[in-house]
Amino acid sequence: MTRDEILSAPSMPAFSPSYPHGPYRFIRREYLIITYETDPDALRAALPEPLEPAPGNLAYYEWMKMPDSSGFGDYEESGSAIVATYNGEPCNYSVQMYLDDEPPITAGREIWGFPKKYGVPRLKLTKDTLTGTLHYDDERVAMGTMTYKHRSLEDQLDKVRDGIGQLNVNLKLIPDVDGGVKVAQLVGYRLQDIRVHGAWEGEARLHLIPHVNCRVADLPVRRIVRGRHQIVDFTLPYGHVLHDYLA
Ligand SMILES: CC(=O)CC(=O)O
């Protein structure tokens, strides 16, 4: 393998890359998002400086089903995020994500610093209930339920699209070969070329079970604010560094 071949490999193993170069297009990505009020101390403990909590101590727990994702295939994902601000700008900070497909776990961690671990999420419609579950090491640690298509947001799709396009932030941590810290950054990205196929709101419930290696319940549910179901296409572009902890 030549130097040029090595430097143009999209990912490891260079001989059989895990994921291709981007950009990455997602078609008909389906979400169940349950926004809730959580404990202010727990929220502060999960949120890295210089991000600040947005008013209301809001977090959300989400399930995502991705049937057609360029480079990554067909997979599902689940995890929690905090509604925050960066220098006064509203953003979503991703706390933890669980999925069962190796390329998006690896690419997500290596490129954007998504906080991804292996877990088994499922999002499905069971009779009249949109139902999300997450299993970690064979134990069910999360269940979310939402009424199905009770309130359409058909007349607000522009607002839904603008919300999806806002700033998202991850904490990227990569160790050096000597075990020290090589990369410690807040990484920002904004989804592009967003098309909303449909969006609905409705009643929702969320049950999170404490587990030491899958800490979804460490942002406890105090009050459910809303359930949102949406189906969208978008492109996930590369990110940019918002804050470098080593600078
Ligand atoms: C590849 C990614 O990190 C995107 C996702 O799985 O949401």
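- Named according to an unreviewed UniProt entry, the protein chain is Acetoacetate decarboxylase originating from Methylobacterium variabile.

**Some thoughts on the overall build of the protein chain**
Then comes step 1: When its secondary structure is counted, the protein chain shows four helices and 16 strands.
Then comes step 2: A compact globule built from 247 residues should have a C-alpha radius of gyration of about 18 Å, and the protein chain, at 18 Å, falls within 12% of that.
Then comes step 3: In terms of principal-axis extent, the alpha carbons of the protein chain reach across some 60 × 40 × 35 Å.
Then comes step 4: Across the 247 residues of the protein chain, 32% fall into the buried class.
Then comes step 5: For the protein chain, restricting intrachain contacts to residue pairs at least 6 apart in sequence, the fraction spanning at least 24 positions comes to 66%.

**Section: the sheet that holds strand S9 (residues 139–147)**
Then comes step 1: Read across the open sheet, the four strands follow the order S7-S8-S9-S14; overall the sheet is antiparallel. Sheet topology places strand S7 (120–126) and strand S14 (204–208) at the edges, where each strand pairs with a single neighbour. Averaged over all pairs of adjacent strands, the angle between their axes in this sheet comes to 10°, without regard to strand direction.
Then comes step 2: With five bridges joining them, S9 and S14 adopt antiparallel strand pairing. Residue pairing across strands places Thr-145 opposite Arg-205, the latter belonging to S14.

**Topic: the site of the ligand**
Then comes step 1: All residues adjacent to the ligand are Phe-72, Glu-77, Pro-104, Ala-107, Gly-108, Phe-114 and Leu-236.
Then comes step 2: Here the shell around the ligand takes three residues from helix H3 (residues 102–112), the largest share from any one element.

**A look at the confidence of the model for the protein chain**
Then comes step 1: Of all residues in the protein chain, 100% have pLDDT values of 70 or greater, and the mean over the chain is 98.
Then comes step 2: ipTM for the predicted complex: 0.96, alongside a pTM of 0.97.

**Remarks on unusual backbone geometry**
Then comes step 1: Between Gly-22 and Pro-23 the backbone carries a cis peptide bond, its omega angle lying at 5°.
Then comes step 2: Positive phi values are uncommon outside glycine, yet Lys-127 reaches one of about 50°.
Then comes step 3: Looking at the secondary structure, you find Lys-127 in the loop between S7 and strand S8 (129–136).
Then comes step 4: The phi dihedral of Asp-138 falls on the positive side, at around 75°, and the residue is not glycine.
Then comes step 5: Relative to the elements of secondary structure, Asp-138 occurs in the loop between S8 and S9.

**Some remarks on the environment of Ile-194**
Then comes step 1: Tracing the chain through its elements places Ile-194 in strand S13 (residues 192–202).
Then comes step 2: By C-beta crowding, Ile-194 is classed as partly exposed, having 17 other C-beta atoms within 10 Å.
Then comes step 3: Measuring from C-alpha to C-alpha, the distance between Ile-194 and Thr-235 comes to 7.1 Å, with 41 residues separating the pair along the chain.

**Overview of H3**
Because an α-helix packs 3.6 residues into every turn, residues spaced three or four apart end up facing the same way.
Then comes step 1: For H3, the full list of buried residues reads Pro-104, Ile-105, Ala-107, Gly-108 and Trp-112.
Then comes step 2: Looking at the buried residues of H3, the elements they touch are strand S4 (73–86), strand S5 (89–99), strand S6 (116–118), strand S11 (167–175) and strand S12 (181–189).
Then comes step 3: One or two residues past the end of H3 sits Gly-113, with phi positive at roughly 75°.

**Things to note about the nonpolar core**
Then comes step 1: Ile-34, Ala-59 and Ile-82 are the most contacted members of the largest nonpolar core, which has 40 residues in total.
Then comes step 2: Each residue touching Ile-82, except ones within four places of it in the same chain, is listed here: Leu-43, Ala-46, Leu-47, Pro-53, Ala-59, Tyr-93 and Val-95.
Then comes step 3: Grouped together as the second largest cluster of nonpolar side chains are five residues, Val-196, Ala-199, Val-232 and Leu-236 included.

What counts, and where the lines are drawn
Residues numbered from 1 in each chain as written. Predicted model: local features only at pLDDT ≥ 70, side-chain atom pairs only at ≥ 80, totals over all residues. Helix = DSSP H or I, 4+ residues; strand = E, 2+ residues; numbered from the N terminus. Rg over C-alpha atoms; globule rule 2.2 N^0.38 Å. Buried ≥ 20, exposed ≤ 12 C-beta atoms within 10 Å, placed from the backbone. Contact = placed C-beta atoms within 7 Å. Pairing = 2+ DSSP bridges. Axes fitted to C-alpha atoms, helices over the stretch in contact; angles between N-to-C directions. Near = placed C-beta within 6 Å. pLDDT = per-residue confidence, 0-100. Core = buried A, V, L, I, M, F, W, Y, C linked by C-beta atoms within 7 Å.

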